[in-house]
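# Descriptive structure summary
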Amino acid sequence: MASKLVEEIQKNIQTVRDKTASKIAYSLLNHSEPRLIAVSKVQPIEKIDAALEVGQRVFGENRVQEAEERWAPRREAYKDLTLILIGSLQTNKVSNAVALFDEIQSLDRIKLARSLKKEMTNQGKNIPLMIQVNTGCEEQKGGCLPQDLNALVAECEALDLNVVGLMCIPTAGEDPSLHFHLLKKLATIYGYEKLSMGMSGDYDLAAAMGSSDIRVGTAIFGARIST
Ligand SMILES: *Cc1c(COP(=O)(O)O)cnc(C)c1O
């Protein structure tokens, strides 16, 4: 017998998938369905285990240490996990991040690109990366400013990093489609195929605009407990 929590998480995941599929169909564009990244940051461990129980295998976290504590013990049992770092990364945490994560979507500066290269070389890895773009040019926010993207892309190419796409977090209170449009345009200019865009409030819109990864937290797990 599935517990109530398991049923609830399963229902929430299904709702996200259904809404995404119908919005894509409604858009009349030929986008494929995006990968669903379940954002488990700050969520109770029982909810994460419930998501694992119903087959969810792709998870996003925004802090290296928190992710290590909860995921290192689960790696053994779930060999097909994909763990993705979506939060800002300090250079002193790069070694741990490269050891734990399968993908990193928050590459946003040249110094970090160099540090990732060095650490991936040390650890014999070349993990897929996305460049986070600060599409709203917000001062307190992570992400590469659009005007700095050219230099960062050039450095990533020089370092032979495996950059697969771009990621953004729209400015709160603004129409997210403006941010998604900009991200898409930049991806076209630089020849990137993947777009990580769309969160609980706008994942269906993002999917209809061609997102390849949606990052959904509260719509699956409920409100995060504030710390
Ligand atoms: C927290 C977070 C999300 C998920 O946000 P929800 O609104 O809970 O879906 C997505 N992306 C990033 C980068 C986040 O930090």
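In this numbering scheme, every chain counts its residues from 1 along its sequence in written order. It should be noted that, the model being predicted, local features are given only for residues of pLDDT at least 70 and side-chain atom pairs only at 80 or more, the latter also being counted only at that level, while totals for whole chains, interfaces and linings use all residues. Hydrogens and waters are ignored; side-chain quantities use all the structure's heavy atoms.

In the annotation of an unreviewed UniProt entry, the entry for the protein reads Pyridoxal phosphate homeostasis protein, and the organism field reads Temperatibacter marinus. UniProt positions are given in the numbering used here, feature names are shortened, and annotations may be inferred rather than shown by experiment. Check the Cofactor (unreviewed entry) section of the UniProt entry for the protein; it says "pyridoxal 5'-phosphate". UniProt lists a comment for the protein under the heading Function (unreviewed entry), and it reads "Pyridoxal 5'-phosphate (PLP)-binding protein, which is involved in PLP homeostasis."

A cavity, in this analysis, means grid points on a 1 Å lattice covering only the protein atoms where a 1.4 Å probe fits yet has no way out; a pocket is instead an open set bounded by protein on both sides within 12 Å along at least five of seven lines, and a residue lines either one if it has an atom within 4 Å of a point. Grid points are joined across faces, edges and corners, and a volume is the space filled by probe spheres set on the points. Approximately 400 Å³ is the volume attributed to the largest pocket. In this structure, the largest pocket is lined by 19 residues; those nearest its centre are K41, N62, I86, I169 and M199.

We now examine the nonpolar core. The criterion is simple. A nonpolar core is a set of buried Ala, Val, Leu, Ile, Met, Phe, Trp, Tyr and Cys residues joined through side-chain atoms within 4.5 Å. Per-residue accessibility, obtained with a 1.4 Å probe over protein chains only, is compared with the maximum for each type, and a residue is labelled buried under 20%, exposed over 50%, and partly exposed between these values. In terms of nonpolar packing, the biggest core is built from 57 residues, with F59, L107, L116 and I131 touching the most fellow members. Residue contacts are counted whenever heavy atoms from the two residues lie within 4.5 Å of one another. In this structure, L107 is in contact with L112, A113, L116, L129, M130, I131, Q132, L152, C156, L161 and V163, ignoring residues within four places of it in sequence.

The criterion for an aromatic pair is that two Phe, Tyr or Trp rings (for Trp, the six-membered ring) have centres within 6.5 Å, with stacked assigned to planes under 30 degrees apart, edge-to-face to planes over 60 apart and tilted to the rest. Tallied over the entire structure, the rule returns one aromatic pair. Centre to centre, the rings of F59 and W71 are 4.6 Å apart; their planes meet at 45°, and the pair counts as tilted. Here F59 is found in strand β2 (residues 58-61), whereas its partner W71 is found in helix α3 (residues 64-75), with 12 residues between them in sequence. Here the two residues F59 and W71 agree in accessibility, since each one is buried. A run of H or I in DSSP counts as a helix once it spans at least four residues, and a run of E counts as a strand once it spans at least two, with each numbered from the N terminus.

We now examine the UniProt feature "modified residue: N6-(pyridoxal phosphate)lysine" (unreviewed entry) in the protein. Annotation from UniProt places "modified residue: N6-(pyridoxal phosphate)lysine" (unreviewed entry) at K41. Judged by relative accessible area, K41 falls into the buried class, the value being 18%. The contacts of K41, once residues within four sequence positions are left out, are G60, E61, N62, E66, R70 and R224.

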